Amino acid sequence: MAKPTKYKKNGQTFYRIQVYLGTDPLTGERVKTTISQCNTQKEAQQKAMQLKIAFANGTYQKKSLETFQDVYNEWIKEYETTVAESTFVKTSGIFRNHILPKFGEYRIERIDAKICEKHVKEWKEKLQKFKTVQSYCSLVFDYAIKEKIISRNVMKEVKVSKKKKEAIKLEDLEEIVEEENFYTKEELLHFLKCLEQESNYKAFTLFQLLAYSGMRKGEALGLTWNDINFKTNEIRINKALKRGKENRLYLGPTKTEKPRTIKMGKKTMDILHEWKKRQKQEYLKLGYNTLKPNQLVFSNENNTFLQPTKTRKWIVHVQNKYGLKKITTHGLRHTHCSLLFEIGRPIKEVQERLGHSDIKTTMNIYAHVTNEAKGEAAEKLDDYTDF
């Protein structure tokens, strides 16, 4: 049995406990419930034991969906069947960290727009993507309407605008540096040159691939050698490494669930080929045969999935050691897109190469080019208007 946890409501301290009662003999489903508003840990444990006995004797009756937590518990079970495991993990984390601490104990029919507005404003002060949290919260109210518990979604009545950017003081203007999460062509080449000097050829290969393919990190970490065609210089992207329940790593579909094949330059393919040879030698010493067709291109010391967090450690190390501009691993995808724009590739081609399902994503997220390209555009405009 779980241990009771303490929480506060209206200035008072209460205890809640989650209880696993058993398996429903009719549906075969695991039956769990939460007991709240207990004055002591002992009271919570006693009520939990009473419920378990009632369930075992067949006298347990499921309580009606009263609180937001009750409705969420039912909604999340249905939601889990409609999304990928990694999406479910991210969503349940948003509820656990941001939504349930605010709304969990409210009786759902008593929640009004004023209460919603209060908590949305609190999210706004702390979270950059507070509107995403608001949207997820709204889904539970929609579910309650479907179950005829409430008649309207009060969360949709809340309109909170994004934070206004503070005015820049003239005397501070020179201190402000635009931080963009991508490298220029020169910065990228210098970054890769520094990385090549390190003794981690696997990391060098991975970052080279990310920068010159534009693929997502999860897609790169999900690659196997049979996805890479060295004869045609093509890479097939049809899966991605994802994080599931209890931090389990697994291979799932790409973000858009649409496979794509991209052409690669000879230099990057040569680096991949060199890594394949080195991988064979290094992993043979560890007792692993890497010549299998489904061998991961990038794996850990146990020849299983590489932890996605590992790339941050690698990129920060080389940036700190050589005093490089700080960008994230995902910033190499930004870099690739920016360089494609810089050499004049069509928007549609960039969209397809990066695997964006909507061309607006390509425009809205990546419609920035390097400072060099911006300067060239300004010079062209000066030439054009010089008459």
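First, a word on what this report is: a plain description of the structure on this page. Values in this document were obtained by computation on a predicted structure and should not be read as measured data.

Description of the overall build of the protein
So, point 1. In terms of regular secondary structure, the protein is built from 14 helices and 8 strands.
So, point 2. Burial status across the protein gives 41% buried among its 387 residues.
So, point 3. Of the contacts formed within the protein by residues at least 6 apart in sequence, a portion of 59% connects residues at least 24 apart.
So, point 4. As displayed, the protein offers around 23700 Å² of accessible surface, 50% of which is attributable to carbon and sulfur atoms.

Observations concerning the pairing of strand 6 (residues 240-243)
So, point 1. Taken together, the 4 bridges between strand 6 and strand 7 (residues 249-252) define a ladder with antiparallel strand orientation. Opposite A240, over in strand 7, you have G252 as the bridge partner.

Here's the deal with helix 4 (residues 113-126)
So, point 1. The end-to-end C-alpha separation of helix 4 is 20 Å, in line with the 20 Å expected for 14 residues at 1.5 Å each.
So, point 2. Those residues of helix 4 that fall on the buried side of the exposure criterion are I115, C116, H119, V120, W123 and K124.
So, point 3. Each element contacted by the buried residues of helix 4 is listed here: helix 3 (85-103) and helix 5 (130-146).
So, point 4. The N-terminus of helix 4 is capped by D112, whose side-chain oxygen sits 3.2 Å from the backbone nitrogen of K114.

Topic: the nonpolar core
General note: in soluble globular proteins, nonpolar side chains tend to be found buried as a group.
So, point 1. F191, F207, L209, M215, I235, F298 and L332 are the most contacted members of the largest nonpolar core, which has 41 residues in total.
So, point 2. Those elements giving two or more residues to this core turn out to be helix 6 (185-196), helix 7 (201-213), helix 8 (217-221), strand 5 (234-237), helix 9 (266-285), helix 10 (310-322) and helix 11 (331-342).
So, point 3. Considering every element that reaches this core, the biggest residue donor is helix 7, with 8 residues.
So, point 4. Ignoring any residue separated from it by four or fewer positions in sequence, one finds F207 in contact with F191, L192, L195, T311, W314, I315, T329 and L332.
So, point 5. Membership of the second largest hydrophobic core comes to 30 residues, among which are W123, F130, Y143 and V160.

Structural notes on the side chain of Q208
So, point 1. Within the fold, Q208 resides in helix 7.
So, point 2. Setting aside chain neighbours within four positions, we find Q208 in contact with L192, T268 and I271.

Quick look at the packing of helix 3 against helix 4
So, point 1. Packing of helix 3 against helix 4 leaves a shortest axis separation of 11 Å and a crossing angle of 145°. Crossing geometry of helix 3 relative to helix 4 is assigned as right-handed. Contacts from H98, I99, K102 and F103 in helix 3 reach I115, C116, H119, E122 and W123 in helix 4.

Some thoughts on the state of the cysteines
So, point 1. One pass over the full model with this rule turns up 0 disulfides.
So, point 2. No disulfide involves C137; its sulfur sits 6.3 Å from that of C116, the nearest cysteine.

What to know about the packing of aromatic side chains
By convention here, two paired aromatic rings are described through the distance between centres and the angle between planes.
So, point 1. For the structure shown, the criterion picks out 13 aromatic pairs.
So, point 2. Between W75 and Y79 the ring centres are 4.7 Å apart and the planes differ by 25°, which places this aromatic pair in the stacked class. Separated by 4 residues within a single helix, W75 and Y79 lie in helix 2 (residues 68-80), roughly one turn from each other.
So, point 3. For the pair F103 and F141, a centre-to-centre distance of 6.4 Å together with 85° between the ring planes defines the contact as edge-to-face. Of the two residues, F103 is situated in helix 3 and F141 in helix 5; the sequence distance between them amounts to 38 residues. For the pair formed by F103 and F141, the shared burial category is buried.
So, point 4. Put simply, the rings of F68, F103, Y106, W123 and F141 pair up and form one aromatic cluster.

Some points on helix 12 (residues 347-354)
So, point 1. Those residues of helix 12 that fall on the buried side of the exposure criterion are V350, Q351, R353 and L354.
So, point 2. G355, located one to two residues past helix 12, shows a positive phi value of around 75°.

Examining the environment of A240
So, point 1. Its place among the elements puts A240 in strand 6.
So, point 2. Put simply, A240 and G218 are 22 residues apart on the chain and 4.8 Å apart in space, counted from C-alpha to C-alpha.

Overview of unusual backbone geometry
So, point 1. One non-glycine residue with positive phi stands out, namely E246, at about 55°.
So, point 2. Along the polypeptide, E246 turns up in the loop between strand 6 and strand 7.
So, point 3. Of note, N303 is a non-glycine position whose phi angle comes to about 60°, a positive value.
So, point 4. On the accessibility criterion, N303 (16% relative accessible area) is buried.

Notes on the sheet that holds strand 5
So, point 1. A sheet is described by the order of its strands in space; here 3 strands give the open sequence 4-5-8, paired in antiparallel fashion. Both edges of this open sheet fall to strand 4 (228-229) and strand 8 (260-263), since each of them pairs with a single strand only.

Some remarks on the pattern of salt bridges
So, point 1. Following the criterion strictly, the structure yields 23 salt bridges and no others.
So, point 2. Linking E66 and R107 is a salt bridge whose minimum nitrogen-to-oxygen distance equals 3.7 Å. One end of the pair, E66, is in the loop between helix 1 (41-57) and helix 2; the other, R107, is in the loop between helix 3 and helix 4, and 41 residues separate them in sequence.
So, point 3. Residue class for R107 comes out partly exposed when judged on its relative accessible area of 37%.
So, point 4. In this structure, the salt-bridge partner of E74 is K77, at a minimum N-O distance of 3.4 Å. One end of the pair is E74 and the other is K77, both in helix 2 and 3 residues apart, which spans about a single turn.
So, point 5. Under the relative-accessibility criterion, K77 is labelled partly exposed at 41%.
So, point 6. Here the salt bridges do not stand alone but share partners, grouping E66, R107 and E109 into one network.

Here is what the cut-offs are and how they apply
- Residues numbered from 1 in each chain as written.
- Predicted model: local features only at pLDDT ≥ 70, side-chain atom pairs only at ≥ 80, totals over all residues.
- Heavy atoms only, no water.
- Helix = DSSP H or I, 4+ residues; strand = E, 2+ residues; numbered from the N terminus.
- Buried < 20%, exposed > 50% of the residue type's maximum accessible area, 1.4 Å probe, protein only.
- Contact = heavy atoms within 4.5 Å.
- Areas by Shrake-Rupley, 256 points an atom, 1.4 Å probe, with all protein chains shown as cover.
- Pairing = 2+ DSSP bridges.
- Expected span 1.5 Å × (residues − 1).
- Polar contact = N/O pair within 3.5 Å; in protein donor to acceptor, adjacent residues only side chain to side chain.
- Core = buried A, V, L, I, M, F, W, Y, C linked by side-chain atoms within 4.5 Å.
- Axes fitted to C-alpha atoms, helices over the stretch in contact; angles between N-to-C directions.
- Left-handed = near helix turned anticlockwise from the far one by under 90°.
- Disulfide = S-S within 2.5 Å.
- Phe/Tyr/Trp six-rings, centres within 6.5 Å; stacked < 30°, edge-to-face > 60°.
- Salt bridge = Lys/Arg side-chain N within 4 Å of Asp/Glu carboxyl O.

As far as function goes, none of this settles anything; it's purely spatial.
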